[in-house]
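Coordinate analysis (summary)
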Amino acid sequence: MNLNLIIIILGIIILLLCTLLWGYQRQVKNICRQLAFWKKYDSNLMISREIEWGDIGALCDMLNELLEIRRQEKKKYLEKEQMISDIYTNLSHDIRTPLTSLDGYFQMLEHCGDEKEQKRYIGIIHERIGSLNDMLEELFTYTKLKNETYQFKMDRCLISRILKDTVFSYYDEWTKRGIEPEFDITQKPVAVMGNQEALRRMIQNIIKNGLDHGEDHMKIILREKDGVCILRFENHVKYPEAIEPERIFERFYKADEARSKNSAGLGLSIAKEFAERMNGKIRAEVKDSRFAIEIKFPVIE
């Protein structure tokens, strides 16, 4: 091989390497420009490339993966920010009514000379203060459950016993309202893996929702079938056509635009969070004039 041929071959190789290097540098600069644009405008565009060799393809894939993670984190942050904003907006609206009422009854109490009327006003004031406490407790529990780091201890729980104890605590309330609840509770002890306080709070919220929005009937069912615990609450409602079962567990959802003065509208959302954290499934249904909430848990020995 003569010297001229060797020089020509080396020249072609050098030219080819220079071309490849130029293309590589051009692609790197293009990626840097795309990243600068993404940083400035917080764009949803993904990083594109014209070449795959030299690990450019792997680099772009990794960058796009990181950008997607960043995008999802921002989305979660904005959703949480919106949730907090919605909570305080709705809570301030709900608190205003009992606070205005309290102010009015305090003024009447101040100018009232009749002892019987004074006692009546004091009773109403206590009731309004209790409502405010319930609202704040709902807010505290809901925000705590929405925190991904929050955990509670799971243990073997006799849900049949917890249900009976919780139902008994509402006896006076049902009597006062002239309600005779119907029970279909298995006599066999039923155990699930859960948290005793969370189960009790879940049951309380569902019963309270029935008392606040239902008519003069409530039926509570507990049975075990094929290794599954089925807990069901049924009550009659006045306007079943106004209820959207698929939205019933949304925070602040209200079917009749008249949320209870004793609630911040988070009770069923909290019940759903508790049920799902204990590996349960919860759903709502409306049939004729009957509204029902059903929860299923795996049974343990």
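Now for a look at the structure at hand. Only a predicted model underlies this, so the values are computations on that prediction, with no experimental measurement involved. (Residues numbered from 1 in each chain as written. Predicted model: local features only at pLDDT ≥ 70, side-chain atom pairs only at ≥ 80, totals over all residues. Heavy atoms only, no water.)

When you line up the elements, N235 lands in strand 5 (residues 228-236). Contacts of N235, omitting those with residues within four sequence positions, involve G210, G214, E215, H217, M218, S289, R290 and F291. (Helix = DSSP H or I, 4+ residues; strand = E, 2+ residues; numbered from the N terminus. Contact = heavy atoms within 4.5 Å.)

Turning to empty space enclosed by the protein, a few remarks are in order. Here the structure, examined in full by the defined rule, presents one cavity of 30 Å³ or more. Looking at the largest cavity, its volume works out to about 40 Å³. Along the walls of the largest cavity sit I206, N209, G210, M218, F233, E234, N235, F291 and I293, which together make up its complete lining. Elements represented by at least two residues in the lining of the largest cavity include exactly helix 6 (196-213), strand 5 and strand 7 (290-300). Partitioned by chemical class, the residues of the lining of the largest cavity number five nonpolar, three polar and one charged. (1 Å grid on protein atoms, 1.4 Å probe; cavity = no way out; pocket = protein on both sides within 12 Å on 5 of 7 lines; lining within 4 Å. Points joined across faces, edges and corners; volume = space filled by probe spheres on them. Nonpolar A, V, L, I, M, F, W, Y, C, P; charged D, E, K, R; others polar.)

By size, the foremost hydrophobic cluster in this structure holds 47 residues, and its most contacted members are M202, I207, I295 and F297. Elements with a contribution of two residues or more to this core: helix 3 (115-146), helix 4 (159-168), helix 6, strand 4 (218-225), strand 5, helix 7 (267-277), strand 6 (281-287) and strand 7. By residue number, the principal contributor to this core is helix 6, which donates seven residues. Judged by nonpolar contacts, the second largest core, of nine residues, contains I95, Y105, Y121 and L132. (Core = buried A, V, L, I, M, F, W, Y, C linked by side-chain atoms within 4.5 Å. Buried < 20%, exposed > 50% of the residue type's maximum accessible area, 1.4 Å probe, protein only.)

A few words now on unusual backbone geometry. Non-glycine residue N279 carries a positive phi angle of around 65 degrees. Relative to the elements of secondary structure, N279 occurs in the loop between helix 7 and strand 6. The backbone of D288 shows a phi angle near 55 degrees, a positive value even though the residue is not glycine. With respect to the helices, strands and loops of the structure, D288 is situated in the loop between strand 6 and strand 7. Relative accessible area serves as the criterion here: at 66%, D288 is assigned to the exposed category.

Before going further, it helps to spend a moment on the pairing of strand 5. Here strand 5 lies mainly inside the structure; seven of its nine residues are buried. The sheet contact formed by strand 4 and strand 5 spans eight bridges and is antiparallel. Paired with I221 across the strands is R232, a residue of strand 5. Pairing of strand 5 with strand 7, which is carried by nine bridges, proceeds in the antiparallel orientation. Paired with F233 across the strands is I293, a residue of strand 7. (Pairing = 2+ DSSP bridges.)

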